[in-house]
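Analysis of the macromolecular model
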Amino acid sequence: MSVPGLRTIMIFFLAALIITVSGLVIWTRIMTSEIEARYPAIGEMIDVGGYALHAVHVPAPAGADLPPLVFIHGASGNLRDQMTPFRAPLEGRAEMLFVDRPGHGWSERGGAENRTPDGQAAAIARAMQGKGISRAIIVGHSFGGAIAASFALEHPEMTAGLVFLAPATHPWPGGVSWYYDLASLPLIGPLFTHTLALPAGLTRLESGSTCVFAPNPKPEDYVSATAPALVLRPQAFHHNAVDVTNLKPYVTKASRRYSEIKTPTVIVTGDSDGVVLAHIHSEGLARDIEGAELVWIRNLGHKPDHITTDLAIRAIEKVAGLDADLPAAARQTETRLAGDNAQCPGEVSSAG
């Protein structure tokens, strides 16, 4: 082939590439706007020192029998994921704060300190202070477990207790899914998040959520109720990827300090969790935090917040000093879950 002919082909392919990329960028912007219109901010913006966190604050009720509760969602999530199962059954019993972590949901990202759980825990502490909450039980699911542990280490005076739900808190073998590594890169990452991440992610919302719940059935309205599509927006996807890729080096160091935690602690975890390795994270917390109570549930996947909400509330009650028979509650839960056999249509590999 002649040089002019080769040059023509290269120009053609370059033009086609530019058109394709431009089209994906435009489509991503349109879909981002649609997602934001479908799932608008539902709380208030709380100033935490130069930036704001989005949170839903449920004021303290008269005659509350529980201390204030702060709920921290996991990776790829937002405050709706914890508010959906917990707000209704606990309203009237406690003051509650459901927080979008920095860079997630509708919260602003803030500075580089929020690339690790320590910075995010500090931001949540300031949000609590902004709403007049001086001390609370911290409830953390999955990635939120690492932030809950950091909160207890760095803000012990504000920690009335800890409830970990399928936590990700210790170093694990291997890494994270390839798209987290790709999206967190300086140059290639933005190109990926503004072109391919959203369309690919939309095709996986239902099946990916099914995998997170397996072997337990995913609630039919989970995706519409908890808005996981918000994480597919380019900036949110990038922040989520940075969080996840930074988690392992962070917990490798932070987990050495967990023995310093002296607050009442309960860990609820399942033996069928396909997202985090419960024998590493949950058993690690039970080993490292003196007096922590580990509640193992047979045939439970990665979503004790939604699948075993009643048991999680019993754990909150136990941490608060109320009479709560967790072993009996666990046996009842196992009986209810014994027949669950939902199948994952693909593989999920993340830090939660």
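To be clear, the structure that these remarks concern was listed above.
So, here's what we can say about the structure. (Residues numbered from 1 in each chain as written. Predicted model: local features only at pLDDT ≥ 70, side-chain atom pairs only at ≥ 80, totals over all residues. Heavy atoms only, no water.)

Things to note about the overall build of the protein
The following threshold applies: Helix and strand assignments come from DSSP, with helices taken as H or I runs of at least 4 residues and strands as E runs of at least 2, each series counted from the N terminus. We compute the radius of gyration over the C-alpha atoms and compare it with the globule rule, which gives 2.2 Å times the number of residues raised to the power 0.38. The cut-offs for exposure are 20% and 50% of the maximum accessible area for each residue type, with area from a 1.4 Å probe on protein chains only; residues under the lower value are buried, those over the upper are exposed, and the others partly exposed. Throughout, a contact is declared for two residues whenever any of their heavy atoms are within 4.5 Å. Per-residue and other accessible areas were derived by the Shrake-Rupley procedure at a 1.4 Å probe size, with only the shown protein chains allowed to occlude residues. In this charge count, Lys and Arg are treated as positive and Asp and Glu as negative; neither His nor the chain ends contribute. Taken as the charge location is NZ of Lys, CZ of Arg, CG of Asp or CD of Glu.
Helix and strand counts for the protein come out as 14 helices and 8 strands. Taking 352 residues into account, the globule formula puts the C-alpha radius of gyration at 20 Å, and the protein, at 21 Å, falls close to it. Overall, the C-alpha framework of the protein stretches about 85 × 45 × 40 Å when taken along its three principal axes. Across the 352 residues that make up the protein, the buried fraction comes to 55%. Relative to all contacts within the protein whose residues are 6 or more apart in sequence, the contacts with residues 24 or more apart total 80%. By element, 58% of the accessible surface of the protein is carried by carbon and sulfur atoms, the whole surface being about 14,700 Å². Measuring between centres, the 27 positive side-chain charges of the protein sit 5 Å from its 34 negative side-chain charges.

Some words on the state of the cysteines
So the rule is basically this: Two cysteine sulfur atoms make up a disulfide if the distance between them is within 2.5 Å.
Per the stated rule, a full pass over the model turns up 1 disulfide. The disulfide bridge from Cys211 ends at Cys344, spanning 2.0 Å between sulfur atoms. When the S-S torsion is 80°, as for the bridge of Cys211 with Cys344, the disulfide is right-handed. Here the residue Cys211 occupies a position in helix 8 (residues 205-213), and Cys344 occupies one in the segment after helix 14 (326-337), the gap between them amounting to 133 residues.

Considerations on the environment of Leu322
Relative to the elements of secondary structure, Leu322 occurs in the loop between helix 13 (309-319) and helix 14. Excluding its chain neighbours within four sequence positions, the residues that come into contact with Leu322 are Asp65, Leu66, Arg93 and Glu317.

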